[in-house]
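# An overview of the molecular structure
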Amino acid sequence: QVQLVESGGGLVQAGGSLRLSCATSGIIFSINAMGWYRQAPGKQRELVATITSGSTTTYADSVKGRFTISRDNIKNKVYLQMNSLKPEDTAVYYCTSYAPITGRYWGQGTQVTVSS
């Protein structure tokens, strides 16, 4: 059974930092690309950052220079370090995995709220 479980969300003031974690099980983590998406109220889910199995990273323009995605292939976890948070970063953040042979899986999401 595949599980992706996010943690680390919460309430933070603008300018603060949070570190999201996503623990995975049931997938061959090392061959999966991993990513973080977010969905704000009334908006579509949007890509935040991705990291390939080879650790190549991409970021949405809105978070470049502030967020860092990383992975630990021993612990089967992916992380999102979020610095200089802004109120517009408020959203539910979702972890996702993807591999061609198994497809995409999603976590249940973790709420991030940034107060001004």
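Structure: see above.
Notes on the structure follow. Everything numeric here is computed off the predicted structure, so don't read it as measured data.

Turning our eyes to something else, we now look at the pairing of strand β7 (residues 67-72). A one-sided burial pattern is seen for β7, the buried positions being Phe 67, Ile 69 and Arg 71 and the unburied ones Thr 68, Ser 70 and Asp 72. Where β7 meets strand β8 (residues 77-82), six bridges bridge the pair, whose relative direction is antiparallel. The residue bridging Arg 71 from the neighbouring strand is Val 78, located in β8.

Time to look at the nonpolar core. If you look at the biggest cluster of nonpolar residues, it comprises 26 residues, and the most contacted ones within it are Trp 36, Val 48, Phe 67, Val 78, Leu 80, Met 82 and Tyr 93. If we ignore the near neighbours within four places in the chain, the residues touching Val 78 are Leu 20, Ser 21, Cys 22, Phe 29, Met 34, Trp 36, Ile 51, Ile 69, Ser 70, Arg 71 and Cys 95.

What the rule picks out here adds up to one aromatic pair. Their ring planes at 70° and their centres at 5.1 Å tell us that Tyr 37 and Trp 106 sit as a pair that is edge-to-face. Within this pair, whereas Tyr 37 is found in strand β4 (residues 33-39), its partner Trp 106 is found in strand β10 (residues 103-106), the two being separated by 69 residues in sequence. For Tyr 37, a relative accessible area of 19% gives the class buried. Classification of Trp 106 by relative accessible area gives partly exposed; the value is 35%.

Spatial ordering of the open sheet is given by β1-β3-β8-β7, a layout of four strands whose pairing is antiparallel. Looking at the sheet topology across the chains shown, the edges are occupied by β1 (3-7) and β7. Between one strand and the next, the sheet's axes are offset by a mean angle of 15°, whatever the strand orientation. Pairing between strand β3 (residues 18-25) and β8: six bridges, direction antiparallel.

Scoring rules and cut-offs
- Residues numbered from 1 in each chain as written.
- Predicted model: local features only at pLDDT ≥ 70, side-chain atom pairs only at ≥ 80, totals over all residues.
- Heavy atoms only, no water.
- Buried < 20%, exposed > 50% of the residue type's maximum accessible area, 1.4 Å probe, protein only.
- Helix = DSSP H or I, 4+ residues; strand = E, 2+ residues; numbered from the N terminus.
- Pairing = 2+ DSSP bridges.
- Core = buried A, V, L, I, M, F, W, Y, C linked by side-chain atoms within 4.5 Å.
- Contact = heavy atoms within 4.5 Å.
- Phe/Tyr/Trp six-rings, centres within 6.5 Å; stacked < 30°, edge-to-face > 60°.
- Axes fitted to C-alpha atoms, helices over the stretch in contact; angles between N-to-C directions.

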